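Structural features, examined
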Amino acid sequence: MLNALHAGAEASAVVKANAYGHGAAEVSKALSKAGCTTFFVAYAGEGVIVRDAVGLEARIFVLNGPRTEDLPLYESSALCGVLNTAAQVELWFKGRVKRPFALKFDTGMNRLGLPTSEAGALTDAGTDLPPALVMSHLAYADDADNPMNSRQLEAFRGVLTCFPGVLASLSNSAGCFLGPDFAFDLTRPGIALYGGGGHGVQPGITLTAEILSVHDGRAGETVGYGATHQLTEDTPLATVALGYGDGFLRSGSNAGFGVLKGARCPIVGRISMDLITLDMSAVVGKAQAGDHVEFLGAAAPLDEQAAQAGTIGYELVTGLGPRVERTYER
Ligand SMILES: *Cc1c(COP(=O)(O)O)cnc(C)c1O
């Protein structure tokens, strides 16, 4: 779908942080089967996992850049460096890493990237190869009207004049929706692959939890640690096997929700390590132990559930822990 958005540009896949908590090996394998040939990770160690999953054809770039102790992995797992600082450029060439690399420039994010003013000097930096890719990163792509986007676009175009014919990449997921000017040769969607970031992208994940107990709470009683929720009337409750030990953030206590049979059931009381209690008033008599309640998915949008926990979808999904049992549909 993201490929179709911009004819001519290729969508890569950002699979850092264990593919945003979804499982880097399985997700990369599925995307590779679906035709994806370029992957981005943050660490060389993550790159090794993706390489083992996708075979030798794909290109895998390491966003955080090379570290001395990782240099052998670039050769042994055929990884591509992303050079973000003068020190990384020096390390890469002194280490004689015979692998393709990208140069990443800072066009306004002030996070990680070479100064745009260095672009000219880097074209003749004594390198054996031209870079395989020149890239930058947008700070405010989720606000299409923000003038920062066009400022960064202009700065990036300026950098590219120093690298004629080299592939270029600017946009993350949100950037994919800023129009064809931002597409260049390669886009780098992450969260959109997993159903976050809005724009009607289909959810890539469904998180469900099993009901362990259905019981009735009486008016005046409280629910959970710290007695933070008091029942104002007799209330059907259900307790499910999910908690902050799974990465379902405790800050969603008394705020988030589960969905059973299409009905939203509010989280009542504190989320504990392994358990969450829900108010089942919306599905009286229909909830049973063994039923699965949806916490993320089509009926429980990632960004909305995250907002209830005071965060963004990125933090919620990347935090889903190893205890969450994962099954893959293709
Ligand atoms: C994480 C990351 C992405 C992906 O961002 P999303 O907002 O998840 O699409 C793209 N490019 C870089 C440099 C990143 O660090």
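Calculation notes
Residues numbered from 1 in each chain as written. Predicted model: local features only at pLDDT ≥ 70, side-chain atom pairs only at ≥ 80, totals over all residues. Heavy atoms only, no water. Helix = DSSP H or I, 4+ residues; strand = E, 2+ residues; numbered from the N terminus. Buried < 20%, exposed > 50% of the residue type's maximum accessible area, 1.4 Å probe, protein only. Contact = heavy atoms within 4.5 Å. Near = heavy atom within 4 Å. Polar contact = N/O pair within 3.5 Å; in protein donor to acceptor, adjacent residues only side chain to side chain. Areas by Shrake-Rupley, 256 points an atom, 1.4 Å probe, with all protein chains shown as cover. Nonpolar A, V, L, I, M, F, W, Y, C, P; charged D, E, K, R; others polar. Salt bridge = Lys/Arg side-chain N within 4 Å of Asp/Glu carboxyl O. Phe/Tyr/Trp six-rings, centres within 6.5 Å; stacked < 30°, edge-to-face > 60°. Lys NZ or Arg CZ within 6 Å of the ring centre and 35° of its normal. Lys, Arg positive; Asp, Glu negative; His and termini not counted.

1. Re the environment of L114
Looking at where L114 falls in the secondary structure, it is placed in strand β7 (residues 114-115). L114 gets classed as buried once you look at its relative accessible area, which sits at 2%. In this structure the C-alpha to C-alpha distance between L114 and R96, which are 18 residues apart in sequence, comes to 20 Å. What L114 contacts, discounting residues up to four positions off in sequence, is L83, N84, T85, A86, V89, L103, K104, F105, D106 and L122.

2. Some details on the site of the ligand
Taken together, 14 residues form the shell around the ligand, and within it K16, Y20, S173, I191 and Y314 come nearest. Within the side chain of N172, a nitrogen or oxygen atom sits 3.2 Å from an oxygen atom of the ligand. A distance of 2.5 Å separates an oxygen atom of the ligand from a polar atom in the side chain of S173. When the ligand sits alone it has 390 Å² of accessible area, and the protein chains cover 93% of it. Here the residues of the shell around the ligand are counted per class, giving 6 nonpolar, 4 polar and 4 charged.

3. Concerning the pattern of salt bridges
Counted by the stated rule, this structure contains 9 salt bridges. Across the salt bridge formed by E90 and K94, the nearest N and O atoms sit 2.6 Å from each other. Pair noted here: E90 and K94 are both in helix α6 (residues 86-94), with a separation of 4 residues, about one helical turn. Exposure remark for K94: the relative accessible area of 64% places this residue in the exposed category. Notably, a salt bridge pairs R157 with D181, separated by 4.0 Å at the nearest N-O pair. Of the two residues, R157 is situated in helix α8 (residues 147-160) and D181 in the loop between β9 (167-169) and β10 (186-187); the sequence distance between them amounts to 24 residues. Using a relative accessible area of 33% as the deciding quantity, one classes R157 as partly exposed. Here the salt bridges share partners, and the residues they tie into one network are R67, E69 and D70.

4. Looking at the packing of aromatic side chains
Each aromatic ring pair is described using two quantities: the centre-to-centre distance and the angle formed by the ring planes. Under the definition given, this model contains 9 aromatic pairs. Here Y20 and Y314 contribute two aromatic rings whose centre-to-centre distance is 6.2 Å and whose plane-to-plane angle is 40 degrees, an arrangement assigned as tilted. Of the two residues, Y20 sits in helix α2 (residues 16-20) while Y314 sits in helix α10 (residues 313-318), which places them 294 residues apart along the sequence. Ring geometry for F93 versus F101: centroids 5.2 Å apart, planes at 85 degrees, classification edge-to-face. Of the residues examined, F93 reaches a relative accessible area of 23% and is grouped as partly exposed. The class of F101 is buried, set by a relative accessible area of 2%. These aromatic residues form a ring-pair network of at least three members: Y74, W92, F93 and F101. In this structure, R264 is placed above the aromatic ring of F257, and the distance from its NZ or CZ to the ring centre is 3.9 Å.

5. Examining the side chain of R51
As for its placement among the helices and strands, R51 is situated in helix α4 (residues 44-54). The side chain of R51 is buried and forms no salt bridge, while D52, the nearest opposite charge, is found at 7.0 Å. Among the polar contacts made by the side chain of R51, one reaches the main-chain carbonyl oxygen of G55 at a distance of 2.9 Å. If we skip the residues at most four places from it in the chain, R51 touches L56, E57, A58, I60, S77 and A78.

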